[in-house]
Amino acid sequence: MPKHKGLGLLVRSDAEIMSLTQLINSDTRVVFATPWERGARAQYKKTIDALAGKDAFEKLARREIGNFGGRLKIQHRDVPYALVTGQAEAGVIFGHLAAFYAQAFPSLRYVEVPGAAPFGQAIAASKGKGAGPEAEEPAPDYGQAPNHKRGPIDRTLRDALEDLFDGFEDEWLDYLARSVRTIAQGRLPLTSAGEIRT
């Protein structure tokens, strides 16, 4: 089973954070998995304390932004959302996700955390029908809405996302639309080795 490469930092492009140590010793507002996401939070604590010293996680957690409008308690969504909307300047999230979000959002960048990879854990994944070049048959073409009356799926999907996530920033809605379209077409943003596809 493949393993991820441990945590990484996702930071706003205008933030001066260049390392985990710098983030810990700054007064930067930070976001990461909530206490309800016990597994991820425990992994982040273990990694940060091992790399930066005992109680480093607690020092960082004192600047955690906590709950905010629109928070769903799902780190994969909350961390980039808090950064894009300016509620935090830095986030701790799995490195492969930080790299992906940095590619998806021009206002964000990825900061690798050296030494985090040994703390990576197994990723449960399976290959679905129509999910890649080795699939039995090609993935269906989702380029048009099923009724073909509303135009390309981008516009229909964007409208649906706007209705569902009323009040979200345009950049976030565009990202969600691109992600759903990519997944619907059977193209995941990771290579078989778990690397970010460029």
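Since we're looking at a predicted model, the values are computed, not measured. (Residues numbered from 1 in each chain as written. Predicted model: local features only at pLDDT ≥ 70, side-chain atom pairs only at ≥ 80, totals over all residues. Heavy atoms only, no water.)

## Thoughts on helix α2 (residues 38-52)
Alright, step 1. For α2, built from 15 residues, the straight-helix expectation of 21 Å at 1.5 Å per residue is met to within 8% by its first-to-last C-alpha distance of 21 Å.
Alright, step 2. Burial in α2 covers these residues: A40, R41, Q43, Y44, T47, I48 and D49.
Alright, step 3. Once α2 ends, the next one or two residues include G53, with phi positive near 105°. (Helix = DSSP H or I, 4+ residues; strand = E, 2+ residues; numbered from the N terminus. Expected span 1.5 Å × (residues − 1). Buried < 20%, exposed > 50% of the residue type's maximum accessible area, 1.4 Å probe, protein only.)

## Considerations on the environment of K59
Alright, step 1. Within the element layout of this structure, K59 appears in helix α3 (residues 56-61).
Alright, step 2. Distance from K59 to N25, taken between C-alpha atoms, is 8.4 Å for residues 34 residues apart in sequence.
Alright, step 3. Residues within four places of K59 in sequence aside, it is in contact with I24 and N25. (Contact = heavy atoms within 4.5 Å.)

## A short note on the pattern of salt bridges
Alright, step 1. Under the defined criterion, the tally for this structure stands at six salt bridges.
Alright, step 2. For D14, the salt bridge goes to R12, with nearest N and O atoms at 3.3 Å.
Alright, step 3. On the basis of relative accessibility, which here comes to 57%, the residue D14 falls in the exposed class.
Alright, step 4. Taking the shortest distance from any N to any O, the salt bridge between D78 and R77 comes out at 3.1 Å. There is no split in this pair, since D78 and R77 are both buried.
Alright, step 5. Via salt bridges that share partners, R71, R77 and D78 belong to a single interconnected network. (Salt bridge = Lys/Arg side-chain N within 4 Å of Asp/Glu carboxyl O.)

## Observations regarding helix α4 (residues 75-84)
Alright, step 1. Among the ten residues that make up α4, nine are buried, leaving the element largely enclosed by the rest of the structure.
Alright, step 2. The complete set of buried residues in α4 reads Q75, R77, D78, V79, P80, Y81, A82, L83 and V84.
Alright, step 3. G86 lies just past α4 and shows a positive phi near 80°.

## Observations concerning the packing of aromatic side chains
Alright, step 1. All chains considered together, the criterion is met by five aromatic pairs.
Alright, step 2. Members of the aromatic cluster, connected to one another through ring pairs, are F100, Y101 and F105.
Alright, step 3. Here the basic side chain of K73 rests over the ring of W36, its NZ or CZ set 3.9 Å away from the ring centre.
Alright, step 4. For the cation-ring pair, R77 lies above Y81, with the distance from its terminal atom to the ring centre recorded as 4.1 Å. (Phe/Tyr/Trp six-rings, centres within 6.5 Å; stacked < 30°, edge-to-face > 60°. Lys NZ or Arg CZ within 6 Å of the ring centre and 35° of its normal.)

## Description of the nonpolar core
Alright, step 1. Residues L9, L10, Y44, I48 and V92 are the most contacted members of the largest nonpolar core, which totals 41 residues.
Alright, step 2. Of all the elements, helix α5 (residues 95-104) adds the most residues to this core, at six residues.
Alright, step 3. Once you skip the residues sitting within four places of it in the chain, V92 turns out to touch L7, G8, L9, L23, V30, V31, F32, Y44, I48, L60, Q75 and V79. (Core = buried A, V, L, I, M, F, W, Y, C linked by side-chain atoms within 4.5 Å.)

## Some remarks on the side chain of R41
Alright, step 1. Tracing the backbone shows R41 in helix α2.
Alright, step 2. Residue class for R41 comes out buried when judged on its relative accessible area of 15%.
Alright, step 3. Non-local contacts of R41, meaning those with residues more than four positions away in its chain, are made with F32, A33, T34, P35, F57, A61 and E64.

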